[in-house]
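Letter by letter, the chains look like this.
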Amino acid sequence: MTQSAQDTILIIDFGSQVTQLIARRVREAGVYSEIAPFNAAEEAFHRLKPRGIILSGGPSSVVGIDPPLPPDAIWTAGVPILGICYGQQAMAKQLGGTVEVGDSGEFGRAFIEISDRCALFAGLWREGETHQVWMSHGDKVQALPAGFRPVAQTAGAPFAAIADDERRFFGVQFHPEVVHTPDGAQLIANFARHVCGLKGDWTMAEFRAAKIAEIRAQVGKGRVICGLSGGVDSAVAAVLIHEAIGDQLTCVFVDHGLMRKGEAEQVVSLFKGHYNIPLVHVNAETLFLNGLAGVTDPEAKRKFIGKTFIDVFEDEAKKVGGADFLAQGTLYPDVIESVSFTGGPSVTIKSHHNVGGLPARMNMKLVEPLRELFKDEVRELGRELGLPDIFVGRHPFPGPGLAIRIPGAVDKAKCDILRKADAIYLEEIRNAGLYDAIWQAFAVLLPVKTVGVMGDGRTYDNVCALRAVTSTDGMTADIFPFDAAFLSRVATRIVNEVAGINRVVYDYTSKPPGTIEWE
């Protein structure tokens, strides 16, 4: 926790796919927030002593058997509460109202009619107006608890927004956190700043200062070792920790030979040259590529790379005399607990390469200074720390690197081909001024060969696929709509300049149903 309890809004999660967006909207309003699953909400409530509470949506039904509900303590604590979708229904049920299964649900765009004024709507919506919102519900509130009044309705929800002004309890059936509710961010800001009375002055400079003090208190005179992946998260974590404890930090960069063009050199130059941070650079390309020889299954690749990274990292940690703490670039989405109502595990789409798999025998405590931040906030912190924008603003890059952008077996020749193609693609994107408009762009070397004609000769070479997506959080993604002239220019350069590729295609698949990466 980097904020005082007086500055925090607690978000109680009931399993919505978009709960993280609520936290983002609160933070965009300049207010610090934390998410707790409903089954850990009481502990979080007493620990944080928040100035406001938001109840998320979720897949359950409050009219079902033993539905998940907020802790009773929140209703008598005297703090404002906003219930969203399922959260509104949970609020109504616990406070004496009635919720029923609807004859037909509302899903997608809907239009809400404002029937009365309300603190949530201040400066935004007025009586008699109609506004677009986004709905996703089957059940609906049928009778209000004592003290509540309706302030808005839709065709399918007579109590689309409700208010208890005296207790400062509000409920909305729609989802203000998603972009499809155009005024939703302002509604959440109204709750955080006007209803809860928070100043909205949470800044990254404040976070930086508080976190540095926290790191110093945690580490004391101990030694910290940090595994650099070459990505933004671990780099920002390392620079922040170094600012806090100086040479008590040693970074280990395990170069597995699966990086983008010039990436390893950039990391070494940044840390050794610009920041003068103690850095051990391990060239382990041969070890990794030999171990990947003949491996075609994507999960097998990921697991081998993760295990080998751990082995190399452990060896290097011993060489530098060990450490008391292990630093990681863990982000907030990685630590928010997945809510499961069946007690079973969430479905694993693919395993993630993370230093967090280090064996217990290393006997180190964790330092995770970014665990309260989202990806865009990490970039903001990086800029606050003075990291160059060309480094901080880079597109996400997977831990297993190019190995999962080469479906099938991986070898050095294929990596070299892909590195060249990828560099050309990203260079053209930057030249076109499109890099910052794209969440992630990369090339993939397909395990497919096609016949081509170059000059007067026949070729039989590889196919390169290009991928570029837009996203806010990586959970969903749409393809970036390049124009035909751009794609033609990139394809021409790759075929002309990269030996081993004679055909280029563009991936038009959104997420879902596809994932952003190919493996």
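Our structure's up above, just so we're on the same page.
Residues numbered from 1 in each chain as written. Predicted model: local features only at pLDDT ≥ 70, side-chain atom pairs only at ≥ 80, totals over all residues. Heavy atoms only, no water.

## Section: the overall build of the protein
Counted only if it meets this: Under the DSSP-based scheme used, a helix requires at least four consecutive residues in state H or I and a strand at least two consecutive residues in state E, with every element numbered from the N terminus. Here the globule rule is a power law, 2.2 Å times the number of residues to the power 0.38, and the radius of gyration is based on C-alpha atoms. When accessible area is computed with a 1.4 Å probe and restricted to protein chains, residues below 20% of their type maximum are described as buried, those above 50% as exposed, and intermediate ones as partly exposed. The Shrake-Rupley method, run with a 1.4 Å probe sphere, supplies the accessible areas, and residue values consider only the shown protein chains as cover. Positive charges come from Lys and Arg alone, negative charges from Asp and Glu alone, with His and the N- and C-terminal ends not counted. Every charge is mapped onto a representative atom, which is NZ of Lys, CZ of Arg, CG of Asp or CD of Glu.
Secondary structure assignment for the protein yields 14 helices and 18 strands. Taking 24 Å as the expected radius of gyration for a compact globule of 519 residues, we find that the protein reaches 26 Å, a close match to that expectation. With the C-alpha coordinates aligned to their principal axes, the bounding extent of the protein is approximately 80 × 60 × 40 Å. Each of the 519 residues in the protein was classed as buried or not, and the buried ones make up 56%. Surface summary for the protein: the accessible area is close to 22,100 Å², and the carbon and sulfur share equals 51%. Taken together, the 51 basic and 62 acidic charged side chains of the protein have centroids lying 5 Å from each other.

## Some remarks on the side chain of Glu377
Keep this limit in mind: As used in this structure description, the phrase polar contact means that two N or O atoms lie within 3.5 Å; if the pair is within protein, one of them must be able to donate a hydrogen and the other to accept it, and residues adjacent in sequence are counted only when both atoms belong to side chains. Residue contacts follow a heavy-atom distance rule, with two residues in contact if any of their heavy atoms lie within 4.5 Å.
Here Glu377 shows up in helix 11 (residues 375–384). Only 2.8 Å separates the side chain of Glu377 from the backbone nitrogen of Phe374, close enough to count as a polar contact. In this view, Glu377 contacts Arg27, Trp202, Met204 and Glu372; residues no more than four positions away in its chain are not counted.

## What to know about the nonpolar core
Where we set the bar: Think of a nonpolar core as a cluster: buried Ala, Val, Leu, Ile, Met, Phe, Trp, Tyr and Cys residues, connected wherever their side-chain atoms sit within 4.5 Å.
Counting residues in hydrophobic clusters, the biggest one holds 47 residues, and the most contacted among them are Tyr425, Ile429, Leu466, Phe482 and Ile494. Broken down by secondary-structure element, the contributors of at least two residues to this core are strand 11 (249–255), helix 8 (285–292), helix 9 (298–319), helix 13 (412–431), strand 15 (440–454), strand 16 (457–470), helix 14 (484–497) and strand 18 (501–506). Of all the elements, helix 13 adds the most residues to this core, at eight residues. Residues in contact with Phe482, not counting those within four places in the same chain, are Tyr425, Ile429, Leu434, Ile438, Ala468, Leu487 and Tyr506. Trp202, Ile241, Ile245 and Val268 belong to the second-largest nonpolar core, a separate cluster that totals 44 residues.

## Observations concerning the pairing of strand 8 (residues 161–164)
Each regular strand carries side chains that alternate between the two faces of the sheet. As a reminder, the rule being used: Pairing between two strands requires that DSSP report at least two bridges joining them.
Side chains Ala161 and Ala163 project from strand 8 onto one buried face, and the interleaved Ile162 and Asp164 project onto a second face that is buried too. Here three bridges tie strand 7 (residues 149–153) to strand 8, and the two strands are oriented antiparallel to one another. Counterpart to Arg149 in the pairing with strand 8 is Ala163. Pairing between strand 8 and strand 9 (residues 169–172): four bridges, direction antiparallel. Each residue of the ladder has a partner; that of Ala163, found in strand 9, is Phe170.

## Some words on the packing of helix 13 against helix 14
Filter applied, for reference: Throughout, an axis means a line fitted to C-alpha atoms (over the contacting stretch in the case of helices), and angles, computed between N-to-C directions, take values from 0 to 180 degrees. Helix crossings fall into two classes, left-handed where the near helix is turned counterclockwise from the far one by less than a right angle and right-handed where it is turned clockwise. Any residue outside Ala, Val, Leu, Ile, Met, Phe, Trp, Tyr, Cys, Pro, Asp, Glu, Lys and Arg is labelled polar, Gly included; the first ten of those are nonpolar and the last four are charged.
Close contact between helix 13 and helix 14 brings their axes to 10 Å; oriented N to C, the two are set at 150°. Relative to helix 14, helix 13 is oriented so that their crossing is right-handed. Taking contact as the criterion, the partners of Ala421, Ile424, Tyr425, Glu427, Glu428 and Ile429 in helix 13 are, on helix 14, Phe486, Arg489, Val490, Arg493, Ile494 and Glu497. Here the contact of helix 13 with helix 14 is composed, by residue class, of seven nonpolar, no polar and five charged.

## A look at the pairing of strand 3 (residues 52–55)
Neither face of strand 3 is exposed, since Gly52 and Ile54 on one face and Ile53 and Leu55 on the opposite face are all buried. Bridge count for strand 1 (residues 8–13) against strand 3 is four bridges, and the pairing is parallel. For Ile12, the partnering residue across the bridge sits in strand 3 and is Leu55. Looking at chain direction, strand 3 and strand 4 (residues 81–84) are connected through three bridges and run parallel. Looking at the pairing, Ile54 lines up with Leu82 of strand 4.

## Observations regarding helix 7 (residues 263–274)
Under the convention used in this document: Each residue after the first adds 1.5 Å to the expected span of a helix. This arc is built from the directions going out from the helix axis to the C-beta atoms.
An ideal rise of 1.5 Å per residue puts 16 Å on twelve residues; helix 7 measures up with 15 Å between its terminal C-alpha atoms. Within helix 7 the residues assigned to the buried category are Glu263, Ala264, Val267, Val268, Leu270 and Phe271. What you see down the axis of helix 7 is that its buried residues fit within an arc of 160°, all on one side. When the buried face of helix 7 is taken as reference, the exposed residues oriented beyond 90 degrees from it are Glu265, Gly273 and His274. Backbone geometry just after helix 7 places Asn276 at a positive phi near 55°.

## Some remarks on the packing of aromatic side chains
Note the threshold: Note on aromatic contacts: the rings of Phe and Tyr and the six-membered ring of Trp form a pair at centre separations within 6.5 Å, being stacked when their planes are under 30 degrees apart, edge-to-face when over 60 apart, and tilted otherwise.
Following the criterion strictly, the structure yields 14 aromatic pairs and no others. Residues Trp125 and Phe174 carry aromatic rings whose centres are separated by 6.1 Å and whose planes lie at 45° to one another, so their mutual orientation is tilted. You can see Trp125 sitting in the loop between strand 5 (98–114) and strand 6 (130–143) and its partner Phe174 sitting in the loop between strand 9 and helix 4 (184–195), a full 49 residues away along the chain. Grouping residues by exposure puts Trp125 and Phe174 together as buried. Measuring from centroid to centroid gives 4.4 Å for Phe482 and Phe486, while their planes differ by 15°, and the two rings are stacked.

## What about the environment of Pro278?
If you trace the backbone, Pro278 turns up in the loop between helix 7 and strand 12 (279–283). Placed 26 residues apart in sequence, Pro278 and Val252 show a C-alpha to C-alpha distance of 8.7 Å. What Pro278 contacts, discounting residues up to four positions off in sequence, is His242, Asp247, Leu249, Thr250 and Cys251.

## Observations concerning the side chain of Thr19
Turning to its location among the elements, Thr19 is positioned in helix 1 (residues 19–28). By relative accessible area, which is 4% here, Thr19 ends up buried. A distance of 3.5 Å separates a polar atom in the side chain of Thr19 from a polar atom in the side chain of Ser56. Dropping the residues within four chain positions of it, Thr19 is found in contact with Ile11, Asp13, Ile35 and Ser56.

## Thoughts on the packing of helix 5 (residues 204–219) against helix 6 (residues 232–245)
Geometry of a packed helix pair, given as the angle between the helix axes and the separation of the axes. The following threshold applies: Oblique is the label for any angle not covered by the other classes, which are roughly parallel (under 35 degrees), roughly antiparallel (over 145) and roughly perpendicular (65 to 115).
Where helix 5 meets helix 6, the closest approach of the two axes is 9 Å, and the angle between their N-to-C directions is 65°. Between helix 5 and helix 6, the angle is such that the two are roughly perpendicular. In this structure, the crossing between helix 5 and helix 6 has a hand that is right-handed. For the pair helix 5 and helix 6, contact is made by Arg208, Lys211, Ile212, Ile215, Arg216 and Val219 and by Leu240, Ile241, Glu243, Ala244 and Ile245, respectively. Here the contact of helix 5 with helix 6 is built from residues that sort into seven nonpolar, no polar and four charged.

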